[in-house]
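The residues making up each chain are set out below.
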Amino acid sequence: MQEPSEANSFLLEHIQVLDRSHKKYFGCSIWSNFLGYEYMDGLNEFDLARAIYHAPFVLLSHGTQSDPIFNYANLSGQKLFEMEWDVFVHLPSRLSATPLGQEDRSLLMQKVSDQGFIKDYQGLRVSKSGALFEIKQAIVWNVISAKGSPYGQAAIFQEWDHLKE
């Protein structure tokens, strides 16, 4: 998947799939729930997909592989995890957690699979350089394709704390 840009409409189709599933579980769109800016009213979906890519919150998603690979990270996510797009979208999502935190993350993903979503998740994560940070009040949900088949899982959060080593 290419990095979101004007040329590919900021991966609008992917964002629409994430948003459709978000609406299913939470009753509102990603942009109304997290962007919340009044000036967003009346913008077209292309502008909103661009706004999400440049948003101050983190939006991530991964696919349905047996060891799921990230398939989306907005700029805030790339910056937080210290990875450029091409690196991020080849990373197994389990590697976003510390080795000790991978079991906790695995339990979270199973719970999301079973329940459909989780609100208020917090967990320890690690950036490419090894810097540790704790994500807080993350929302994680199952992503379903327009045809109703599993598409992956997504996470969104706007709070995190960098931890001192």
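Described below are features of the structure shown in this document.

About the cut-offs
- Residues numbered from 1 in each chain as written.
- Predicted model: local features only at pLDDT ≥ 70, side-chain atom pairs only at ≥ 80, totals over all residues.
- Heavy atoms only, no water.
- Pairing = 2+ DSSP bridges.
- Helix = DSSP H or I, 4+ residues; strand = E, 2+ residues; numbered from the N terminus.
- Buried < 20%, exposed > 50% of the residue type's maximum accessible area, 1.4 Å probe, protein only.
- Contact = heavy atoms within 4.5 Å.
- Core = buried A, V, L, I, M, F, W, Y, C linked by side-chain atoms within 4.5 Å.
- Salt bridge = Lys/Arg side-chain N within 4 Å of Asp/Glu carboxyl O.

Section: the pairing of strand β3 (residues 117–126)
As paired elements, β3 and strand β4 (residues 132–144) share seven bridges and run antiparallel to each other. Residue R125 lies in a different strand from β4, and its bridge partner there is F133. From the end of β3 to the start of β4, which pair antiparallel, there are five residues, and G130 there has a positive phi angle of about 95°.

Looking at the environment of V17
Mapped onto the fold, V17 is located in helix α1 (residues 12–26). Residue V17 is classed as buried on the basis of its relative accessible area, which comes to 9%. Setting aside residues no more than four positions away along its own chain, V17 makes contact with V143, I144, S145 and Y151.

Quick word on the nonpolar core
Counting 25 residues, the largest nonpolar core has I15, I30, I52, L59, Y72 and W141 as the members making the most contacts within it. At the level of secondary structure, the elements contributing two or more residues to this core comprise α1, α2 (30–35), α3 (45–53), β4 and β5 (150–157). No other element matches α1, which puts six residues into this core. For L59, the contacting residues outside a window of four places in its chain are I15, L18, I30, I52, Y72, A73, N74, W141, A155 and I156. L60, F81, F88 and A138 belong to the second-largest nonpolar core, a separate cluster that totals 20 residues.

Quick notes on the pattern of salt bridges
For the coordinates displayed, the defined rule picks out five salt bridges. Here R50 ties to E6 by a salt bridge, and the two come within 2.6 Å at their closest N and O atoms. Separated by 44 residues along the polypeptide, R50 in helix α3 and E6 in the segment before α1 bring together distant segments of the chain. The partner of D19 in a salt bridge is K23, and the shortest N-O contact between them spans 3.5 Å. Note that D19 and K23 are positioned in helix α1 at a spacing of four residues, about one turn of the helix. Taken together, the salt bridges that share partners define one network made up of E6, D47 and R50.

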